[in-house]
Amino acid sequence: MSETPSTTTGARVIGLATVTADDVVLDVWYPEPALTGAGRAEVAQPDLRAAERFDEIREVTLRIVETEIEDLAAPAAGTADMYLRLHLLSARLVTPRSINLDGVFALMPNNAWTDLGPVPPERLEQVRLAALSAGRRLTVFGVDKFPRMTDYVLPSGVRIADADRVRLGAHLAAGTTVMHEGFCNYNAGTLGTSMVEGRISQGVLVGDGSDVGGGASIMGTLSGGGKEQVTIGAGCLLGANSGVGISLGDGCVVEAGLYLTAGTKLTLLVPDEQARTLKARELSGVAGLLFRRNSLTGGVEAVPRTGSWGGLNEILHTQ
């Protein structure tokens, strides 16, 4: 997975790392992520000394680290470096697809995420027993390389119904609402007020005023060999249980239940022009289209949109 960085900005901040006895960094929390570079004022960093300690139950050390990235266009140098990049994305200091995340899976350890913090999976039962011996029951939220965003960063002006469904490294613009079944992966997200009831996969950008309907899915690039990064324009609607593997220009609508891959053959119907058959990728990024399935023939059609799909419900995006 290779990104196309568009920034040469750097970063230098203080964080609190969870480190094992073998000196393996499990995670890092950066309370005040900040960018460095020409014209940028230095951001005051918090005093984390009171949080440094040895956790006897997990047998890990909470240790202050200073992480400096000279150039966010260069590959990450380690786990602490990668965690800072993900913090910068979720803090909305950089946008998805603008920084280098090459090697992210190799640099992020697979952790058991518990109510006590990250634990190496192979030590989970020992930690569970130690917790019971200390009079508490351990809760495991998941086993993954990426933690929940809200355990590290909470961007202003957003609503997230189920924190488990938004990974650290997601970029949610102010005004975004992620409903219970909505999902947003790292290095992906929204650029303005949006409703998310479906899936925003890695590398996907959703424009202002767009609605990702219940069960809708936007194709990412983590598996399946796909390389095109999908962008959903402003004011778009993905109907319930629909899906797209192409970019949509502003003001497009995809009918509920229609999954539109790059190779989907469809008929383009434009008034006063002869109908044309083409693949959906040829309409990638074109604005103002309605993609639908003909209820009589079953064929997929694209037609210029008329009227309005109604837009977002402003009440649902009021903080």
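Everything numeric here is computed off the predicted structure, so don't read it as measured data.

Split into domains, the protein chain comes out as domain 1 (10-106) and domain 2 (149-317). In this structure, domain 1 and domain 2 have C-alpha centres spaced 31 Å apart. Taken residue by residue, the interface counts 17 residues in domain 1 and 25 residues in domain 2. With both sides pooled, the region where domain 1 packs onto domain 2 buries about 1700 Å², and carbon together with sulfur makes up 61% of that total. Viewed at the interface, domain 2 and domain 1 are joined by ten residue pairs in polar contact (both at pLDDT 80 or more).

One pass over the full model with this rule turns up 13 salt bridges. A salt bridge links Arg63 to Asp23; the nearest nitrogen and oxygen atoms lie 3.2 Å apart. Remark: Asp23 occurs in the loop between strand 1 (10-20) and strand 2 (25-29) and Arg63 occurs in strand 5 (residues 60-69); sequence separation between them is 40 residues. Judged by relative accessible area, which is 33%, Arg63 ranks as partly exposed. The structure contains a network of salt bridges with shared partners spanning Arg53, Asp55 and Arg58.

Once that is clear, we can look at the UniProt feature "active site" (unreviewed entry) in the protein chain. Using the residue numbers shown here, the UniProt feature "active site" (unreviewed entry) corresponds to Glu197. Here Glu197 shows up in the loop between strand 14 (195-196) and strand 15 (199-200). Excluding anything up to four places from it in sequence, Glu197 contacts Met179, Glu181, Gly182, Asp211, Val212, Gly213, Gly214 and Gly215.

With that settled, the discussion passes to the packing of aromatic side chains. As enumerated under the stated definition, the model contains four aromatic pairs in all. Each ring, one from Tyr83 and one from Tyr152, has its centre 6.1 Å from the other, and the planes form 45°; the classification is tilted. Of the two residues, Tyr83 is situated in helix 1 (residues 79-90) and Tyr152 in the loop between strand 8 (140-144) and strand 9 (159-160); the sequence distance between them amounts to 69 residues. Judged by relative accessible area, Tyr152 falls into the buried class, the value being 11%.

So, on to the pairing of strand 26 (residues 289-293). Sheet topology note: the strand 22 (residues 253-254)/strand 26 ladder contains two bridges and is parallel. Residue pairing across strands places Val253 opposite Leu290, the latter belonging to strand 26. Taken together, the five bridges between strand 26 and strand 27 (residues 300-304) define a ladder with antiparallel strand orientation. Residue Arg292 lies in a different strand from strand 27, and its bridge partner there is Glu301.

Calculation criteria
- Residues numbered from 1 in each chain as written.
- Predicted model: local features only at pLDDT ≥ 70, side-chain atom pairs only at ≥ 80, totals over all residues.
- Heavy atoms only, no water.
- Domains from an automatic or database assignment.
- Contact = heavy atoms within 4.5 Å.
- Buried area = accessible area lost by both parts, 1.4 Å probe.
- Polar contact = N/O pair within 3.5 Å; in protein donor to acceptor, adjacent residues only side chain to side chain.
- Salt bridge = Lys/Arg side-chain N within 4 Å of Asp/Glu carboxyl O.
- Helix = DSSP H or I, 4+ residues; strand = E, 2+ residues; numbered from the N terminus.
- Buried < 20%, exposed > 50% of the residue type's maximum accessible area, 1.4 Å probe, protein only.
- UniProt positions renumbered as here; feature names shortened; annotations may be inferred.
- Phe/Tyr/Trp six-rings, centres within 6.5 Å; stacked < 30°, edge-to-face > 60°.
- Pairing = 2+ DSSP bridges.

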